[in-house]
Structure formats: C-alpha cells, structure tokens
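# Commentary on secondary and tertiary structure
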Amino acid sequence: MSYFVSRSVLAAAFLGAHAVFSPLAAQESSWLGTWAASPQPIWSDDFFAAAAIPRSVRDQTIRQVARISQGGPAIRVEFSNRYGRDPLVIGSAQIALSAAEGGIEPASNKDLTFSGKPGISVPPGASVWSDPADLSTEDLASVAVSLYLPNVTPLTTWHNDARQTAYISGNGNFGADERFKEPQTFNSRFFLSGIQVEAEGEPRSVVLFGDSITDGDGSTPNANVRWPDILAERLVEAGSDIGVLNEGISGARVLTDQMGVNALARFDDDVLTHPHADTVVFMMGINDIGWPDSPLTAPSEPAPTADDIIAGYEQIITRAHMHGLKIIGATLTPFEDTFQGGPLEGYYSEDKEAKRVAVNDWIRTDGNFDGVIDFDTVMRDPENEKRMNAAYDSGDHLHPNDAGYKVMADAVDLSLFGVSN
C-alpha cells in the first residue's frame, strides 16, 4: 500500500503539468542526471571515529562502480573537488560497463576527456564535467569509472557510506585494465559525484535529499537495494524515463555540520544544480534529534527543539518553491533504543522521541510540503509505534535492512511524480 497525503493545488498542478512549473524542464540541454553521490569533507580530528581511508594517493588509479537509473546513447561524468585545499590533478579517466568484482567489459571502455584533453586540474571548491563519451547504456546499467591521479592527492572530497566497493590500484595508470591486481578496497567514494546521460523528449529527475536512511546504511553492499535504488527500478518498470538522484549523506543533519555540511548549506549544490529536476523528496532530521547528548557531539552543542528543526524544513521548502521544485516530505522512522548497549548509546531518549513525534505531526498535518510519504507508518512495529518493526531492522534499531528498504520504496506513490502505479 502506498502512503501519500496531498497538500495543495500546487501539488496537483505539478502532477498534471510539471513542465509549466519547472523552469529547468524547458532548458535546451539534453543531459539528464542519472546518478549522484553527495560530496563530504573529511571529518574533523575531534570526531568520535576516524575516516577509514588513506590520507592520500599518488600515481594510483581509483575505480568506482555506479548503477545508473536511466540509460542513454552517451554519458558524461562529474568529478568534485568541493572540499579540496589544492587543485585536483586528473591525469586521465575512463568509463566502461562494469563486470564483477571491480572488473570492466574491455570492449566498452571509453576514455573521458575534458575540453578535448585527457586530463584536467580542478580548482579547490570546484567540480568538472567530462566531455560526452559515446558509451550507450541501458536503464539500471552499472558502469565503472576509473580515475588516474598522478600527483600526491589528499582524499579530501569523498562520500563515506557508498555501500559499494571502490578499488585503489598500486602505482600506475590501470584505467584500461580489465581488473586491478591486488587492489586496496574501500566502501567509500572519492571525487566521483555525478553521472548524466543524453536524453530525448522532456527529461525529468527526482532528487532524494536525506541522511543515512536515504544513503542506504544497513543495506547489503554492492547489491543496490537502498530504497532509492528500488524506487528507480519501480519507475523503470512503470515505463518512466525519470532519473533518480540519491543525495543522501549518512549522519547528515538539517541544521548542523559534522559528517557532512548541514542541509541548508548543501541544498544549492546537491539539489538545485541538477538539470531537469522537478521534484525533491526530503527526509532528514533524525540526527538533529538523536545526536545531542550522545558521543557523536561535543557536550557543549545545544540540542535543537522540534520547532528549530521545523524552521529548517520551512527554509528548505521555501527555497525549493522559489526554484519551481515540488517538494515531498518524508516522515522520520521509529528509533526506540537506537545504538543501545553500544558506544553510541544515548542517541535515543523519551524526550527525543517526543521531538520526532512533533516533527512528524507537522509534516503530516501542518507543513507546506506538496505531498507526504509516511515512512513512519509503514516501518513501525504494530505493537509499539516508537520502535521499528523487527522484520525491517538492520539490528541497530535505526537503519532498515534490505527488506525494510523495499517496504519503504514500495510505499512511495508513483503518482507523486506523475507516473501511474
């Protein structure tokens, strides 16, 4: 069963005539966002856990796999140096159809160029798009992007919780090799932040803007079973050509930085820059509630009230509407006893549960969202509304397992995006 509450005449108008309300849909560009990963800065030294990645690479090749949502006859790739302090020097890059265990289909391998050249220097704070490559892809295809970094390159711009293995070679440029020999492997992404495909007709995309539950924490790595992955599958099965862009960051908060910058600060870069995006699904706030008074934050960090979080929501809604975007709110899922008995105990309390209930009540009844996806209702234990259903719990009482993510994706009414269920 799908859980959707209509909010306004604006929402209905978006469903029937989205091109009228979205200035991005009228752009001449034929490029559609088909995959994304939000860049993060390396965590500060006072954070409770160190980033489990090398500080830097030199004369090495990184290969990363991404499953796109929509295919097309040509493809291009974005590399981000958003949090770098020095130029990111790309020696060369390639893209190919991926094979098992970090391999590629060699006949499909294409060199990526930048203004016709094999490499480029990306200034601090900037990102670059490659030239189009004539690699034809099907919907839901997996591609492998190889990036050769000749200089000492600090890994300052990354995506922590990739749920996908990245492969780092020994010394040398191995982008054309079918497989690396004895690579290092990490469950993170480095510098790779976007993929677009050439599109026909009136391309559209939806941006899923959230935290670890949108990022897929708790799902099986390399299996593409996050709820955004399954939503992309549902849209393809329904005959839609809508791109799905997962801009979740594990640990993300609406109001405060740490594992990523706050939602208000990254909204422009992670949502508004996508061409042809006409809808954003916003699910964030549980970390604003849970982090204070736990080992995740300094004792001096004040705990936001439910009203503080709601004020942040209102700012996001206003900015989405200013840019012609429809915005759908998703309720926060149950979290009783999250991390209980572990090093992060303190994430849950009855006072924090009261904040979650207040925020969810606002989303459902008093908010200005153009629609609501009620993930709280479908994920709760029928005997205890504060707790996640054990059948959907990954074990930490906060993040769903694979079955839970499927329940979430199946709860999304595709008519939110103008698609028949």
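Located above this text is the structure these notes cover.
Below is a short write-up of the structure.

The rules behind the values
Residues numbered from 1 in each chain as written. Predicted model: local features only at pLDDT ≥ 70, side-chain atom pairs only at ≥ 80, totals over all residues. Heavy atoms only, no water. Helix = DSSP H or I, 4+ residues; strand = E, 2+ residues; numbered from the N terminus. Rg over C-alpha atoms; globule rule 2.2 N^0.38 Å. Buried < 20%, exposed > 50% of the residue type's maximum accessible area, 1.4 Å probe, protein only. Pairing = 2+ DSSP bridges. Axes fitted to C-alpha atoms, helices over the stretch in contact; angles between N-to-C directions. Contact = heavy atoms within 4.5 Å. Expected span 1.5 Å × (residues − 1). Core = buried A, V, L, I, M, F, W, Y, C linked by side-chain atoms within 4.5 Å. Phe/Tyr/Trp six-rings, centres within 6.5 Å; stacked < 30°, edge-to-face > 60°. Polar contact = N/O pair within 3.5 Å; in protein donor to acceptor, adjacent residues only side chain to side chain. Arc of directions from axis to C-beta.

To continue, consider the overall build of the protein. Within the protein one finds 9 helices and 25 strands. Its C-alpha atoms give the protein a radius of gyration of 21 Å, near enough to 22 Å, the size a compact globule of 421 residues would have. If you line up the protein on its principal axes, its C-alpha atoms span 55 × 50 × 35 Å. By the burial criterion, 58% of the 421 residues in the protein qualify as buried.

If you trace the 4 strands from one edge of the open sheet to the other, you get β2-β18-β6-β11, paired in antiparallel fashion. Because the sheet does not close on itself, it has two edges, and the strands there are β2 (31–36) and β11 (127–129). Strand after strand, the sheet turns through a mean of 20° between neighbouring axes, direction not considered. Across 5 bridges, β2 lies against strand β18 (residues 192–198) in antiparallel orientation.

A few words now on the environment of Glu-138. With respect to the element layout, Glu-138 can be found in the loop between β11 and β12 (142–149). Put simply, Glu-138 and Ile-68 are 70 residues apart on the chain and 8.8 Å apart in space, counted from C-alpha to C-alpha. Excluding residues within four positions of it along the chain, Glu-138 makes contact with Ile-68 and Gly-71.

Not every positive phi belongs to a glycine, and Arg-163 is a case in point at roughly 55°. Following the sequence through the fold, Arg-163 ends up in the loop between β14 (157–159) and β15 (166–171). In this model, Phe-339 sits at a positive phi of 60°, which is unusual for a non-glycine residue.

Here the focus is helix α6 (residues 306–322). Between the first and last C-alpha of α6 there are 24 Å, a value that for 17 residues agrees with the 24 Å anticipated at 1.5 Å per step. Contacts from the buried residues of α6 go to β19 (204–210), α4 (263–272), β21 (277–283), α5 (286–290), β22 (326–330) and α7 (350–366). Looking one or two residues past α6, Gly-324 carries a phi angle of roughly 75°, positive in sign.

This next bit is on the nonpolar core. One finds Phe-79, Ile-95, Phe-190, Phe-209, Phe-282 and Tyr-313 to be the most contacted residues of the largest nonpolar core, which totals 78 residues. Broken down by element, this core gets its largest block of residues, 7 residues, from α6. Filtering out sequence-adjacent residues up to four positions away, Ile-95 remains in contact with Ile-75, Val-77, Ser-108, Asn-109, Lys-110, Leu-112, Ala-133, Leu-135, Val-143, Ala-144 and Val-145. Judged by nonpolar contacts, the second largest core, of 29 residues, contains Ile-213, Ile-230, Ile-242 and Ala-330.

This part takes up the sheet that holds β15. As summarised here, the arrangement of the 6 strands in space is β9-β8-β12-β5-β15-β16, forming an open sheet in which the pairing is antiparallel. One side of each edge strand has no neighbouring strand; the edge strands of this open sheet are β9 (110–112) and β16 (184–186). Strand-to-strand twist of the sheet, defined as the mean angle between neighbouring strand axes without regard to direction, takes the value 25°. Relative to β9, strand β8 (residues 92–97) runs antiparallel, the two sharing 3 bridges. From the neighbouring strand, Gln-94 faces β9, where its bridge partner is Asp-111.

A few words now on the pairing of strand β20 (residues 242–248). Burial within β20 is extensive, with 7 of its 7 residues counted as buried. Side chains Ile-242, Val-244, Asn-246 and Gly-248 project from β20 onto one buried face, and the interleaved Gly-243, Leu-245 and Glu-247 project onto a second face that is buried too. Across 7 bridges, β19 lies against β20 in parallel orientation. Its bridge partner being in β20, Leu-208 is matched across the sheet by Asn-246.

Let's shift gears to the packing of aromatic side chains. Taken as a whole, this structure holds 16 aromatic pairs when the rule is applied. Here Phe-339 and Tyr-347 contribute two aromatic rings whose centre-to-centre distance is 5.3 Å and whose plane-to-plane angle is 85°, an arrangement assigned as edge-to-face. In terms of burial, Phe-339 and Tyr-347 fall into one category: buried. When the ring of Trp-362 is compared with that of Phe-369, the centres are 6.0 Å apart and the planes differ by 75°; the resulting orientation is edge-to-face. You'll find Trp-362 and Phe-369 in the same group, each marked buried.

Right, let's get into the side chain of Thr-34. Structurally, Thr-34 is set in strand β2. Only 2.7 Å separates the side chain of Thr-34 from the backbone oxygen of Gln-70, close enough to count as a polar contact. Setting aside anything within four residues of it in sequence, one finds Thr-34 in contact with Ile-68, Ser-69, Gln-70, Ile-195, Gln-196, Val-197, Val-244 and Leu-245.

Here we come to the pairing of strand β6 (residues 75–80). Extensive coverage of β6 is indicated by the burial of 6 of its 6 residues. Neither face of β6 is exposed, since Ile-75, Val-77 and Phe-79 on one face and Arg-76, Glu-78 and Ser-80 on the opposite face are all buried. In this sheet, β18 lies alongside β6 in antiparallel orientation, the contact comprising 5 bridges. Within β18, the position partnered with Val-77 by the bridge is Ile-195. For β6 and β11, the ladder comprises 3 bridges, and the chain directions are antiparallel. Within β11, the residue paired with Glu-78 across the bridge is Trp-129.

What follows is about the environment of Val-271. Tracing the sequence through the fold places Val-271 in helix α4. According to the relative accessible area criterion, Val-271 is buried, its value standing at 1%. Along the sequence, Val-271 and Asn-246 sit 25 residues apart, while their C-alpha atoms lie 10.0 Å from each other. Not counting the four nearest positions on each side in its chain, Val-271 is found in contact with Val-207, Phe-209, Arg-266, Val-280 and Leu-325.

Three or more residues of helix α9 (residues 402–410) are buried, namely Gly-404, Tyr-405, Met-408 and Ala-409. The buried residues of α9 occupy an angular sector of 135° when projected down its axis, which confines them to one face. Close packing links the buried residues of α9 with α2 (212–215), α3 (227–237), β21 and α8 (375–379). N-capping of α9 is provided by Asn-401, with a side-chain oxygen placed 3.1 Å from the backbone N of Ala-403.

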